[in-house]
Amino acid sequence: MKKLSFIAWLTMKAICTCAFCITPLVSCNTKNANTFADSGRTQPTENLLANLKALGDSVGYMFGHHDDVLYGIGWVGDSARSDVKSVCGDYPALLSFDLGHLELGDTVSLDGVSFNRMREEIVRHFERGGMVTLSWHLNNPLTGGTAWINDSTGERQLNTVEAVLEGGKQHERFLTWLDRVADFLNSLQTADGVRVPVLFRPWHEHTGSWFWWGQELCSAEQYKALWKLTVDRLKEQGVVNALYAYSPGTENGGNPQKYMERYPGDNIIDLLGLDCYCFAPSGDADAVAKYAQMLDTQLGMVCKLAKQHSKAVALTETGYEGIKTTKWWTHTLMPVLDKHPISYVLVWRNAHDKPGHFFAPYPGHSSAPDFVEFYNHPKSLFLHNVNGLYQEK
């Protein structure tokens, strides 16, 4: 079945249901693209949010891949290359990048990616009609270590979040770090000066305790204050092209109260997400089935909460490292995704320098034929399906 583009689907829905009308909006490449909505964000940014909600309602889910156009299995830095595109002939609808080490003033990310190249790819993907999301594995401003907790140095006993909040001894330093992120977000502009809308996803997987902002490392109120400080500072620095995603892990056990325990508020968050990975050594069938069951339960809970709070919803990180079963895409992932009204699914990166660390297929991988079936599925949306993400519906 041939998939419709997003705007074609919206148009068809309008004609068939008369629920609403499509009003053509000028291209995002015109001078009107930086008009502002009542929220203070650019209109295309607000249009993206509205369209993410519409995607989740019924049309399907965008497929995303982290660092997809920057490197892959057996290559790095090639222009316009993509493992996903090499397998199915199309780019992911969604690209993800990480801002780790931007806070340090470095020119390359924690994964060795030039921030200038990252900026170029973000603008290029926007101009192709795709969407971009950004995570931030920032260093520990209190210890100088990485985002990950090092138990051997006693980092679990420290309260780094308290140190970066107002009154903390690293507060001023942290403001400088936030300002560097703001500068990067503000620099995401086309040659015509159009601000590129992005979904920013800091402070993720906080329900675990492997990052310095995790469950055991700060109180719920401190975590919420960290979110408020982040968003307030970015806005103060003129960021008008960002949406914000809340993305816990699965430690809540399917309990909605636990999922929302550290939620910073509807006035801050635009999208409710979930990070949920498949851990199945050597393709163990029981472990794969357990993942599918857990994902089904968790997505059901998150989608219900998103509806209650009028938020977009997505599977913000998932994947199976090494993809050790040939039918994982159509027999494990797709049946669960089809049941839930999410806007996108994102799998993690294909590392060029870490053997076995990949989450999307590449040419010759055993799951590649199955991925093509996943690609051809009517509800999985790739780049050619999503023209119009920044237009008013």
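Quick note: structure is the one above.
A closer look at the nonpolar core
Among the nonpolar cores identified, the biggest contains 124 residues, and Met62, Ile122, Met131, Trp136, Phe174, Trp203 and Trp213 are the most heavily contacted of them. For this core, the leading source of residues is helix 9 (residues 285-309), giving 11 residues. Beyond its immediate chain neighbours, meaning those up to four positions away, phenylalanine 174 contacts Trp136, Leu138, Val164, Trp203, Leu226 and Leu229.

Section: the packing of aromatic side chains
Any aromatic ring pair is given by two values, namely how distant the centres are and how the planes are angled relative to each other. Per the counting criterion, the structure on display carries 32 aromatic pairs. Ring centres of tryptophan 212 and tryptophan 213 lie 5.2 Å apart, and the angle between their planes is 80 degrees; on these two criteria the pair is classed as edge-to-face. Here tryptophan 212 and tryptophan 213 have matching classes, each one buried. For the pair tyrosine 320 and tryptophan 328, a centre-to-centre distance of 6.1 Å together with 50 degrees between the ring planes defines the contact as tilted. The two residues tyrosine 320 and tryptophan 328 agree in class, both being buried.

As for the side chain of threonine 45
Position of threonine 45 relative to the elements: it lies in helix 2 (residues 43-59). Note on threonine 45: relative accessible area 0%, which makes it buried. Contact partners of threonine 45, with chain neighbours within four places excluded, come to Pro197, Val240, Asn241, Ala242 and Leu243.

Some thoughts on the side chain of threonine 316
Relative to the elements of secondary structure, threonine 316 occurs in strand 9 (residues 312-320). Discounting residues that sit within four places of it in the chain, threonine 316 has contacts with Arg201, Ser247, Leu271, Gly273, Leu274, Asp275, Tyr344 and Leu346.

Side note on unusual backbone geometry
Positive phi, normally seen in glycine, also occurs at serine 282, with a value near 60 degrees. Inspection of the secondary structure puts serine 282 in the loop between strand 8 (271-278) and helix 9. One non-glycine residue, serine 310, lies in the positive phi region at around 55 degrees. For serine 310, the location among the structural elements is in the loop between helix 9 and strand 9.

Points about helix 4 (residues 115-128)
In this model helix 4 runs 20 Å from its N-terminal to its C-terminal C-alpha over 14 residues, within 8% of the 20 Å that 1.5 Å per residue would give. The complete set of buried residues in helix 4 reads Phe115, Arg117, Met118, Glu121, Ile122, Val123, His125 and Phe126. Of the surrounding elements, those touching the buried residues of helix 4 are strand 4 (94-98), strand 5 (131-135), helix 6 (171-186) and strand 6 (198-201). Where helix 4 begins, the capping side chain belongs to serine 114, and its oxygen is found 3.2 Å from the backbone nitrogen of asparagine 116. Note on helix 4: the residue one or two positions beyond its end, glycine 129, has a positive phi of about 105 degrees.

Some thoughts on helix 11 (residues 368-376)
Residues Ala368, Asp370, Phe371, Phe374 and Tyr375 constitute the buried set of helix 11. The arc that holds every buried residue of helix 11, seen down its axis, measures 155 degrees, which confines them to one face. Contacts from the buried residues of helix 11 go to strand 1 (61-66), helix 3 (83-88), helix 10 (328-337) and strand 11 (380-381).

Section: the pairing of strand 9
Where burial is concerned, most of strand 9 is hidden: nine out of the nine residues are buried. Relative to strand 10 (residues 344-347), strand 9 is paired through two bridges, and the arrangement is parallel. Of the residues in strand 10, the one forming a bridge with leucine 315 is valine 345. As for the winding sense of the linkage, the β-α-β connection from strand 9 through helix 10 to strand 10 is right-handed.

Looking at the pairing of strand 10
Side chains Tyr344 and Leu346 of strand 10 all project onto a buried face; the interleaved residues Val345 and Val347 project onto the opposite face, where all are buried too. Where strand 1 and strand 10 come together, four bridges link them in parallel fashion. In the sheet register, histidine 65 faces strand 10, and the bridge partner there is valine 347.

Basis of the calculations
Residues numbered from 1 in each chain as written. Predicted model: local features only at pLDDT ≥ 70, side-chain atom pairs only at ≥ 80, totals over all residues. Heavy atoms only, no water. Core = buried A, V, L, I, M, F, W, Y, C linked by side-chain atoms within 4.5 Å. Buried < 20%, exposed > 50% of the residue type's maximum accessible area, 1.4 Å probe, protein only. Helix = DSSP H or I, 4+ residues; strand = E, 2+ residues; numbered from the N terminus. Contact = heavy atoms within 4.5 Å. Phe/Tyr/Trp six-rings, centres within 6.5 Å; stacked < 30°, edge-to-face > 60°. Expected span 1.5 Å × (residues − 1). Polar contact = N/O pair within 3.5 Å; in protein donor to acceptor, adjacent residues only side chain to side chain. Arc of directions from axis to C-beta. Pairing = 2+ DSSP bridges. Right-handed = clockwise from strand over helix to strand, strands pointing away.

Read these as spatial facts, not as claims about activity.
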